[in-house]
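# Coordinates in review
Residues per chain are reported as follows:
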Amino acid sequence: MNWRRMAGLDTLEQEYAYSSSDTTGYTSAKKIPEKWVATTCGYCSVGCGIEVGVKDGKAVAARPLTSHPVNRGKLCPKGLSEHYVIDADNRLRYPLLRKGSKLMRVGWEEALEAMVERFRSTQAKYGPDSLGVLSTGQLVTEEFYALGKLVQLGFGTKNYDGNTTLCMASAVSGYKQSFGSDGPPGAYEDLEQADVILLVGANIADNHPILCQYLDGNPRKTLIVADPRVSKTAMMADLHLPLKPRSDLALINGIAHILIRHGLIDRDYIARHTSGFDELARFLEAYAPSRVAEITGLSEELLYKTAFLYGRAKAGFIGWTMGVNHSTLGAATVSALCNLSLLTGNIGRAGAAPFSITGQCNAMGTREAGFTSSMPGYRKFDAASDREELAKLWNIDESRLPVKRGLAYPDIVEAAVGKRIRAMWIIATNPLVSFPNQDVLRQALSNLEFLVVQDGYHPTPTTELADLVLPAAIWGEKEGTYTNSERRVSKVNKAVEPPGEARSDIDIFLAVAEKLGCRKELFGGWSTVEDAFNEWACVSKGRLCDYSGLTYRSLVSKGPTQWPCRAGEEPTPRLYADGKFPTADGRAKLICADWQPFPEQPTAAHPFVLNTGRTVEHWHTRTKTREVPILERLSPRAWLEMNPRDAGQLGLRSHDRVDVISQRGRVRGVELRLTEIIAPGQVFMPFHFFETNVNEVTQSAFDPISREPNYKQCAVRVERTARPGAAWQ
């Protein structure tokens, strides 16, 4: 109780005082920093430069880092308010160990002893692979590199995967099928230099808004957007292709059919740099415009117009995000998109690339160094030469390296359902919001004998179920590097100290290694995070993702830098400019990928096709952004978009509260929005909101190659919520 305030003596003059400075202008006095710390944004994969303003040891402001080459002095709403996530009320400050039914505060020594003892005893009883580890896309690369070694070599379990499988695995698998390796071939500047840009399932205006300035900087472009929904990006397009849900693979094959039939291909490039053309040409005969029009719902005229625009482009750019990846045919669709680039020679040139726009801030870092879907440096598990090389670099016996990948994310969950995995370590991710078909995940977690969750926040739906919760430092509180979608490595810097006893993730990993007795062997000579970077740069030398020419000093003096950056050479802005690919014969592979309907078709009982996605104000499961007042006020709750014609047939009105029901579950009390943005027979709902979690109704359907979930299409019905007011409670 503030008696001075109650007596009228405290007028909050200091709280609401305003002042002016050279860097901030006229603003709240408490938000004028003593210093600015340059770093890289910790949200999406665009990789914007940002400065954090610090006063009295706290982050009080954020602004664009004007010298950064990516964002050019701009930030999206999340970036402009990112400093709020650091000092949130629900920051996790101390280790918590479950004793009886309650999580109790303990010291680090007790926490780590319990973790290692329980993991080791579980593995002794059920085998080394009875431990599963689920990571994230938001650690720094140095932490991913350390974690991979700790899990695969320290704990000796292969069953380790990252949250990137829920968003980027199909892009990874598609690149590997077509080019022989992961790695986006292009650069952001290609968006400014292409004369035709085809975006498929990529709503960058909401998901990667800073990239829109590259489009705006290209007045010569023709922008084509393929999306079932009239997204904000579709509204920017010169040509919008409102295709039926999950018909994108048929569309792409149809475009390729027209390109070949009308000679709009680069036969010289195909002959010199690809294999499989004759087989692909025969396969594509089945994708005549009449059939593709029937599958996609697009007119033949629109198909021809799209194919001719792309085929006649001097520099054609193709970009995609989750609209392609979130599918049982995601990897196949990515390879089909790569086919278009290869058929026309639109790769390795300015403005010409098949470009996956990555999801999380450092999903690329874990793909390169994380030891999940491949060994560090894009090395292959099943390649003896790769294992031998890596074993020599690490001075270990080659037999300790796995000869095949362990279980992927959804398969780790299924293994826990089947009680083959008995203990789990979840790091900086919140699957009790983000994983599809939540009932399956809840069953999996209930079967575990010990669950450790490492996070910067508590409570979250996932930390509340943990047996042990480890407090981790977050963005703004630690040092390292991120790699963005265009393979640009940027420095991440510490602005403030983490709260309470929270530690950086790499410090936690090294402390666990100490308890395991493997720190000296696996991390010998490491005393700083820079030591981890230097070792990773050495391990990457000679690989496609070569960091050997990068140092912390160069990232400061020369700025954020794209790989490959070989020692003594300039960085390479684009891959495959020489037409040589990391395959056995040096050629890219043209892939035959057949379209199939999505797995759960609408029925009389569930007549709508549900699409899920994001909104610009929030990030993933809202663990961070719901703690940012301005973002939460802008978008405080989930909603369901429905076409007015469908609503009329159901007797529903805009702002009614409705339930969304599938065969698996029900989401109650969602606000209804009527809009022509969504086509009849379809509905759309954002996935950020745990209070009304759309993943209660999504399905357990996964890409057979990438293991990425099919979040985007499932059959649902919509009913008025039975109890008024349920949505607002």
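Residues numbered from 1 in each chain as written. Predicted model: local features only at pLDDT ≥ 70, side-chain atom pairs only at ≥ 80, totals over all residues. Heavy atoms only, no water.

Our next topic: the sheet that holds strand E19 (residues 480-483). Pairing is antiparallel across the open sheet formed by three strands, whose spatial order is E19-E20-E21. Looking at strand neighbours, the two that pair on one side only are E19 and strand E21 (561-562), the edges of this open sheet. Bridge count between E19 and strand E20 (residues 488-492): four bridges; the pairing is antiparallel. Across the sheet, the residue bridging to Thr483 is Val489, located in E20. (Pairing = 2+ DSSP bridges. Helix = DSSP H or I, 4+ residues; strand = E, 2+ residues; numbered from the N terminus.)

Here we take up the packing of aromatic side chains. For any pair of aromatic rings, the description consists of the separation of the ring centres together with the inter-plane angle of the planes. This model, assessed by the stated rule, comprises 28 aromatic pairs. With 5.6 Å between their ring centres and 45° between their planes, Phe283 and Tyr287 make a pair best called tilted. Note on Tyr287: relative accessible area 0%, which makes it buried. Ring centres 5.5 Å apart and planes at 10° place the aromatic pair Tyr409 and Phe435 in the stacked group. With Tyr409 in helix H19 (residues 409-417) and Phe435 in the loop between helix H20 (431-434) and helix H21 (438-446), the pair connects residues that are 26 residues apart, well separated along the chain. Each member of the pair Tyr409 and Phe435 is classed as buried. Site record: aromatic cluster; members linked through ring pairs are Tyr145, Phe371, Phe381, Trp394, Phe523, Trp526, Phe533, Trp536, Tyr547 and Tyr552. Lying across the ring of Trp36, Arg63 places its NZ or CZ 3.9 Å from the centre. Its guanidinium or amino end placed over the ring of Tyr457, Arg91 lies 5.5 Å from that ring's centre, counting from NZ or CZ. (Phe/Tyr/Trp six-rings, centres within 6.5 Å; stacked < 30°, edge-to-face > 60°. Buried < 20%, exposed > 50% of the residue type's maximum accessible area, 1.4 Å probe, protein only. Lys NZ or Arg CZ within 6 Å of the ring centre and 35° of its normal.)

For the rest of this paragraph, the subject is the sheet that holds strand E7 (residues 102-105). Spatially, the seven strands line up as an open sheet ordered E7-E6-E18-E17-E16-E8-E9, and their pairing is mixed. Looking at the sheet topology across the chains shown, the edges are occupied by E7 and strand E9 (160-162). With strand direction ignored, the average angle separating the axes of adjacent strands in the sheet is 20°. (Axes fitted to C-alpha atoms, helices over the stretch in contact; angles between N-to-C directions.)

Quick look at the domain arrangement of the chain now. Here the chain is partitioned into domain 1 (10-85), domain 2 (96-167 + 361-562), domain 3 (174-357) and domain 4 (608-722). Between the C-alpha centres of domain 1 and domain 3 the distance comes to 38 Å. Each side of the interface is counted separately: domain 1 has eleven residues, and domain 3 has ten residues. Counting each side, the surface lost to burial between domain 1 and domain 3 is near 870 Å², with a carbon and sulfur contribution of 56%. Taken together, domain 1 and domain 3 are joined by one salt bridge. Of the charged contacts, one joins Arg72 and Glu192 as a salt bridge, the two residues approaching to 2.7 Å between their closest N and O atoms. (Domains from an automatic or database assignment. Contact = heavy atoms within 4.5 Å. Buried area = accessible area lost by both parts, 1.4 Å probe. Salt bridge = Lys/Arg side-chain N within 4 Å of Asp/Glu carboxyl O.)

Under the definition given, this model contains 43 salt bridges. The salt bridge involving Glu449 is made with Arg422; its shortest N-O contact spans 3.1 Å. Here Glu449, found in the loop between H21 and strand E17 (450-455), pairs with Arg422, found in the loop between H19 and strand E16 (423-427); they are 27 residues apart in sequence, far enough to count as distant. Using a relative accessible area of 17% as the deciding quantity, one classes Arg422 as buried. Members of the salt-bridge network, linked through shared partners, are Asp659, Arg666, Arg668, Arg717 and Glu719.

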